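Next come the chains, spelled out residue by residue.
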Amino acid sequence: MSRAEARIDLEAFAHNLTVLRAAAPHSQQMAVVKADAYGHGLLPMARAAREAGAEWLGAALFSEALELRAEGDSGPLLAWLAAPEDPWGEVLEAGIDVGVSTPDHLERVAATGQRARLHLKLDTGLGRAGCPPSNWESFVSRAKALQHAGRAEIVGIWSHFTVADDPRNPLNTVQIERFHAGVEQAAALGVQPEHLHLANSAATLSLPDAHFTLVRPGIAMYGVSPGVAMGTPQELGLRPVMTLIGRFTTVKRLPAGSGLSYGHQYTLPADATVGVVPLGYADGIPRNATNVGPVFAAGRRRVIAGRVCMDQFMLDLGDDPALEGDEVVLFGSGDEEVPLAEDWAQATGTIGYEIVTRLGPRVPRVYVGEDR
Ligand SMILES: *Cc1c(COP(=O)(O)O)cnc(C)c1O
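Since the structure is predicted, the reported quantities are computational estimates derived from the model, not experimental observations. (Residues numbered from 1 in each chain as written. Predicted model: local features only at pLDDT ≥ 70, side-chain atom pairs only at ≥ 80, totals over all residues. Heavy atoms only, no water.)

1. Here we look at the overall build of the protein
Then, number 1: Within the protein, the regular secondary structure consists of 11 helices and 19 strands.
Then, number 2: Its C-alpha radius of gyration of 23 Å places the protein within 12% of the 21 Å reference for a compact globule of 372 residues.
Then, number 3: Along the longest, intermediate and shortest principal axes, the C-alpha atoms of the protein span 80 × 40 × 40 Å.
Then, number 4: The buried share of the protein, reckoned over its 372 residues, is 51%.
Then, number 5: Summarising the internal contacts of the protein: among those between residues at least 6 apart in sequence, 64% fall at separations of at least 24.
Then, number 6: Accessible area for the protein stands at about 15,600 Å²; split by element, carbon and sulfur atoms hold 51% of it.
Then, number 7: Taking the 31 positively charged and 44 negatively charged side chains of the protein as two groups, their mean positions are separated by 3 Å. (Helix = DSSP H or I, 4+ residues; strand = E, 2+ residues; numbered from the N terminus. Rg over C-alpha atoms; globule rule 2.2 N^0.38 Å. Buried < 20%, exposed > 50% of the residue type's maximum accessible area, 1.4 Å probe, protein only. Contact = heavy atoms within 4.5 Å. Areas by Shrake-Rupley, 256 points an atom, 1.4 Å probe, with all protein chains shown as cover. Lys, Arg positive; Asp, Glu negative; His and termini not counted. Charge placed at Lys NZ, Arg CZ, Asp CG, Glu CD.)

See the structure below:
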């Protein structure tokens, strides 16, 4: 092993997909692998998701979906984040379903001359992508005209939640009601697609009324909780997939009173062994983990001592024995004293999603647990 690695446990990933399947047994599953599979590596995770039985893959960017096709994935695949210059023709030719939200998206589809598989997105309250309810009928009518002309097949109607990680929030019910209303309006126009989909991870785990024909879990597949109110991964029956490990590059004794790292924001209270871990903000370690980021090192849980640098951070190991090359676990299983990605999120004021997704390309991903 080199200076650092992210160990990706494919067995844990398959387990999490099984848990999600059990939570929504009557729906197909779209494994969301956007953003390099939330930092876990697009292609290996896509392959593992298919092997675990995911009928669909979900990508945000057209480029992510095209990469999957280039690597030979030929199953149902949806991409939903189109930028103005994106190659619609190429995407449709590759047999990628597209999520569409605006009349302009439909014009782009029409302009390709290709036959498109469309998922019409309704904005039920997130205020991000999606057609607002006020324009929904005319949007659906335009899509229907394309379908009638043989230029499109309307495969799905879909939307996305705002607060599904807070399952008791009444906005969830409002969004489900608005979704039903949009589906009924489309049906009245003669549009009754095969798929209706609304649920992200949180809704897959806790809002059965939102399951419809297809669920779109992302974060929970990676064994990270969708939110504090949902519980820990363990409480949700999930196993963390990523373990982030660094190895001490330098271990040395320093006298009491020595300052550590830029700005000396940590001072050794006693003579101590200091360990240098070769991971920093260039790798996606939050700089605001300074003096608070949790790690498991030299036999117990500790926090980072002093500022996180671009490539490194330090630990005060006291009198505990440590050697250069020893492993330091930043986050992983949550077992014993090993922190979770959620612990990092809490320490640095963000969410578990960001902790795993921001891990930079310098850190090799190493896949384990393949032989199921
Ligand atoms: C990211 C995303 C998902 C997956 O959400 P999780 O909270 O990670 O489960 C599903 N649908 C859409 C549209 C998304 O952007």
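2. Re the sheet that holds strand S9 (residues 214-215)
Then, number 1: Strand order in this closed barrel of 8 strands is S2-S3-S4-S5-S6-S7-S8-S9, and the pairing throughout is parallel.
Then, number 2: Across 6 bridges, the pairing between strand S6 (residues 116-121) and strand S7 (residues 152-158) is parallel. The partner of Ala116 across the bridge, within S7, is Ala152.
Then, number 3: The strands touched by helix H4 (residues 62-70) are strand S3 (56-61), strand S4 (77-81) and strand S5 (97-100); relative to S3, the strand with the most contacts, the crossing angle is about 135 degrees. (Pairing = 2+ DSSP bridges. Axes fitted to C-alpha atoms, helices over the stretch in contact; angles between N-to-C directions.)

3. Description of the packing of helix H3 (residues 42-51) against H4
Then, number 1: Following both chains from N to C, one finds H3 and H4 inclined at 70 degrees, their axes separated by 11 Å at the closest point. Taken together, the axis directions place H3 and H4 in an arrangement best described as roughly perpendicular. Once H3 is placed against H4, the crossing between them reads as right-handed. Side by side, H3 and H4 meet where Leu42, Leu43 and Ala46 of the first sit next to Glu64, Glu67 and Leu68 of the second. (Parallel < 35°, antiparallel > 145°, perpendicular 65-115°, else oblique. Left-handed = near helix turned anticlockwise from the far one by under 90°.)

4. Details of the packing of aromatic side chains
Then, number 1: Taken as a whole and assessed by the stated rule, the structure comprises 7 aromatic pairs.
Then, number 2: Judged by centre distance (5.1 Å) and plane angle (80 degrees), the rings of Phe62 and Trp88 are edge-to-face. With Phe62 in helix H4 and Trp88 in helix H5 (residues 88-93), this pair connects stretches of sequence that are 26 residues apart. Summarising the burial analysis for this pair, Phe62 and Trp88 share the class buried.
Then, number 3: Centroid distance Trp80 to Trp158: 5.5 Å. Interplanar angle 50 degrees. Geometry classified as tilted. With a gap of 78 residues between them, Trp80 in strand S4 and Trp158 in strand S7 connect regions that are remote in the sequence. You'll find Trp80 and Trp158 in the same group, each marked buried.
Then, number 4: Site record: aromatic cluster; members linked through ring pairs are Phe13, Tyr38, Tyr222 and Tyr353.
Then, number 5: Directly above the aromatic system of Trp158 lies the positively charged group of Lys121, at a separation of 4.1 Å from the ring centroid. (Phe/Tyr/Trp six-rings, centres within 6.5 Å; stacked < 30°, edge-to-face > 60°. Lys NZ or Arg CZ within 6 Å of the ring centre and 35° of its normal.)

5. Side note on the pairing of strand S17 (residues 313-316)
Then, number 1: Alternating residues of S17 divide into Phe313 and Leu315 and Met314 and Asp316, and every residue in both groups is buried.
Then, number 2: In this sheet, S17 lies alongside strand S14 (residues 272-277) in antiparallel orientation, the contact comprising 4 bridges. Across the sheet, residue Val276 finds its bridge partner in S17, namely Met314.

6. Here's the deal with the site of the ligand
Then, number 1: Contacts to the ligand come from 15 residues, most closely from Lys34, Tyr38, Ser201, Ile219 and Tyr353.
Then, number 2: At 3.4 Å, a side-chain N or O of Arg128 approaches an oxygen atom of the ligand.
Then, number 3: Within the contact set of the ligand, a nitrogen atom lies 2.9 Å away from a side-chain nitrogen or oxygen of Arg216.
Then, number 4: The residue inventory of the shell around the ligand, partitioned by class, reads 7 nonpolar, 4 polar and 4 charged. (Near = heavy atom within 4 Å. Polar contact = N/O pair within 3.5 Å; in protein donor to acceptor, adjacent residues only side chain to side chain. Nonpolar A, V, L, I, M, F, W, Y, C, P; charged D, E, K, R; others polar.)

7. With respect to the sheet that holds S14
Then, number 1: Read across the sheet, 3 strands follow the order S11-S14-S17 without closing on themselves; strand pairing throughout is antiparallel. The open sheet is flanked by strand S11 (250-254) and S17, the only strands paired with a single partner. This sheet shows a mean twist of 25 degrees between the axes of neighbouring strands, independent of strand direction.
Then, number 2: Across 5 bridges, S11 lies against S14 in antiparallel orientation. Across the sheet, Lys252 pairs through a bridge with Val274, a residue of S14.

8. Thoughts on the packing of helix H7 (residues 136-148) against helix H8 (residues 170-188)
Then, number 1: Closest axis-to-axis distance for the H7/H8 pair is 10 Å, and the angle between their directions is 45 degrees. Between H7 and H8, the interaxial angle falls into the category oblique. Judged by the twist between their axes, the crossing of H7 over H8 is right-handed. Along its contact with H7, which presents Trp136, Glu137 and Val140, the element H8 presents Gly182, Gln185 and Ala186.
Then, number 2: Considering only residue class, the contact of H7 with H8 consists of 3 nonpolar, 2 polar and 1 charged.

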